[in-house]
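One letter stands for each residue in the lines below.
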Amino acid sequence: MIDEFSRFYHLLTENPQVLVSVIAAIIALAAAAGNIGFNIYSFRKKNQREDEDRIRKQRLDWLKTLILDSNLTVFFDFFDHVEQELRHLTIPKSGEVEKKLAIEKINDQRIFLRRKFISLLAAVDENLYNCTLEKVDNLIDGFTANIADEGINLKHEPKFEEIIINRIIETRTEIIKEFFKFEGVNVKKLPASKKTNLLGN
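Predicted, not measured: the structure shown is a model, and the values here were computed from it.

**Description of the overall build of the protein chain**
Then step 1. Regarding its fold elements, the protein chain presents six helices and zero strands.
Then step 2. Scanning the protein chain from its N terminus toward the C terminus, one meets helices and strands in the order α-α-α-α-α-α.
Then step 3. Residue burial in the protein chain is summarised as follows: out of 201 residues, 29% are buried.
Then step 4. Of all intrachain contacts in the protein chain linking residues separated by at least 6 positions in sequence, the fraction that spans at least 24 positions is 78%.
Then step 5. For the protein chain, the exposed surface amounts to about 13,400 Å²; the carbon and sulfur share of it is 58%.

**Re the pattern of salt bridges**
Then step 1. Across all of its chains, the model carries eleven salt bridges by this definition.
Then step 2. Linking glutamate 83 and arginine 87 is a salt bridge whose minimum nitrogen-to-oxygen distance equals 3.7 Å. In this pair, glutamate 83 and arginine 87 are both assigned in helix α2 (residues 16-87), four residues apart and thus about one turn of the helix distant.
Then step 3. When its relative accessible area of 24% is taken as the criterion, glutamate 83 is described as partly exposed.
Then step 4. Between glutamate 178 and lysine 181 there is a salt bridge whose closest N-O contact spans 3.3 Å. In this pair, glutamate 178 and lysine 181 both sit in helix α5 (residues 157-181), three residues apart, roughly one turn of the helix.
Then step 5. A cluster of three or more residues bridged by salt bridges with shared partners is formed by Glu83, Arg87, Glu157 and Glu161.

**Examining the nonpolar core**
Then step 1. Core analysis: the biggest nonpolar cluster contains 33 residues, and Phe78, Val82, Leu86, Phe117, Phe143, Leu154 and Ile164 have the highest contact counts within it.
Then step 2. For this core, the secondary structure elements donating two or more residues are α2, α3 (96-121), α4 (126-148) and α5.
Then step 3. Element by element, the count of residues in this core is highest for α2, at eight residues.
Then step 4. Beyond its immediate stretch of four places on either side in the chain, phenylalanine 117 contacts Ile67, Leu68, Asn71, Leu72, Val74, Phe75 and Phe179.

**Thoughts on the packing of aromatic side chains**
Then step 1. This model, assessed by the stated rule, comprises six aromatic pairs.
Then step 2. Ring geometry for phenylalanine 75 and phenylalanine 79: centres 5.1 Å apart, planes at 80 degrees, overall edge-to-face. One end of the pair is phenylalanine 75 and the other is phenylalanine 79, both in helix α2 and four residues apart, which spans about a single turn. The pair formed by phenylalanine 75 and phenylalanine 79 is uniform in burial state, with each residue classed as buried.
Then step 3. Both rings, one in phenylalanine 78 and one in phenylalanine 79, keep their centres 4.9 Å apart while their planes meet at 75 degrees; by these two values the pair is edge-to-face.
Then step 4. Using a relative accessible area of 1% as the deciding quantity, one classes phenylalanine 78 as buried.
Then step 5. Members of the aromatic cluster, connected to one another through ring pairs, are Phe75, Phe76, Phe78, Phe79, Phe117 and Phe179.
Then step 6. A cation sits over an aromatic face here: arginine 172 above phenylalanine 79, 5.8 Å from the ring centre.

**Brief notes about the side chain of glutamine 109**
Then step 1. Its place among the elements puts glutamine 109 in helix α3.
Then step 2. If we ignore the near neighbours within four places in the chain, the residues touching glutamine 109 are Phe78, His81 and Val82.

**Focus: the packing of α3 against α4**
Then step 1. Running from N to C, α3 and α4 point in directions that differ by 180 degrees, and their axes come no closer than 10 Å. It follows that α3 is roughly antiparallel to α4 by the angle criterion. Of the residues in α4, those in contact with Lys99, Ala102, Ile103, Ile106, Asn107, Arg110, Leu113, Arg114, Ile118, Ser119 and Leu121 of α3 are Leu128, Tyr129, Thr132, Leu133, Val136, Asp137, Ile140, Asp141, Phe143, Thr144 and Ile147.

The rules behind each value
Residues numbered from 1 in each chain as written. Predicted model: local features only at pLDDT ≥ 70, side-chain atom pairs only at ≥ 80, totals over all residues. Heavy atoms only, no water. Helix = DSSP H or I, 4+ residues; strand = E, 2+ residues; numbered from the N terminus. Buried < 20%, exposed > 50% of the residue type's maximum accessible area, 1.4 Å probe, protein only. Contact = heavy atoms within 4.5 Å. Areas by Shrake-Rupley, 256 points an atom, 1.4 Å probe, with all protein chains shown as cover. Salt bridge = Lys/Arg side-chain N within 4 Å of Asp/Glu carboxyl O. Core = buried A, V, L, I, M, F, W, Y, C linked by side-chain atoms within 4.5 Å. Phe/Tyr/Trp six-rings, centres within 6.5 Å; stacked < 30°, edge-to-face > 60°. Lys NZ or Arg CZ within 6 Å of the ring centre and 35° of its normal. Axes fitted to C-alpha atoms, helices over the stretch in contact; angles between N-to-C directions. Parallel < 35°, antiparallel > 145°, perpendicular 65-115°, else oblique.

So this is what it looks like as structure tokens:
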């Protein structure tokens, strides 16, 4: 083995043309290997992007067809019903009984919205679900605290507009903005097994 290497070494050193040819062959082989590696990498990246685009489109379709198209009225009705229930507190003769009833009614509306609308968002995107749930909970919990606060006079129309109406409009708008910002699930953070399931393969 050593003798063969020695003969090969002497052949290269004594024949510059052979040395150049060998070096050129090595360079060509390295370039070919690099090209093959790049093509494999490009192919995999292309497939990954296509998978991500398909999942993202699927999620957007789910949000639109399964939730928004079919249940968006439930979402808007929730805010209308909450306002209607709290309107009873503007009546001059309303008291503790009406306050207690209003708190029960708006919490019933929250439960109904969770069951018929918010829970469906979990099937599309966990972050969208959590964001919507948090905003609705903050709204109703805030109203509950406002109603119990003796220092807040909701019978006074300007105060009712400030505390109730403005909060309803603000919360509803914030949630709708989240729907418009939603671009599909971030598939790069999903395990491979979940990607496969989402694609239906």
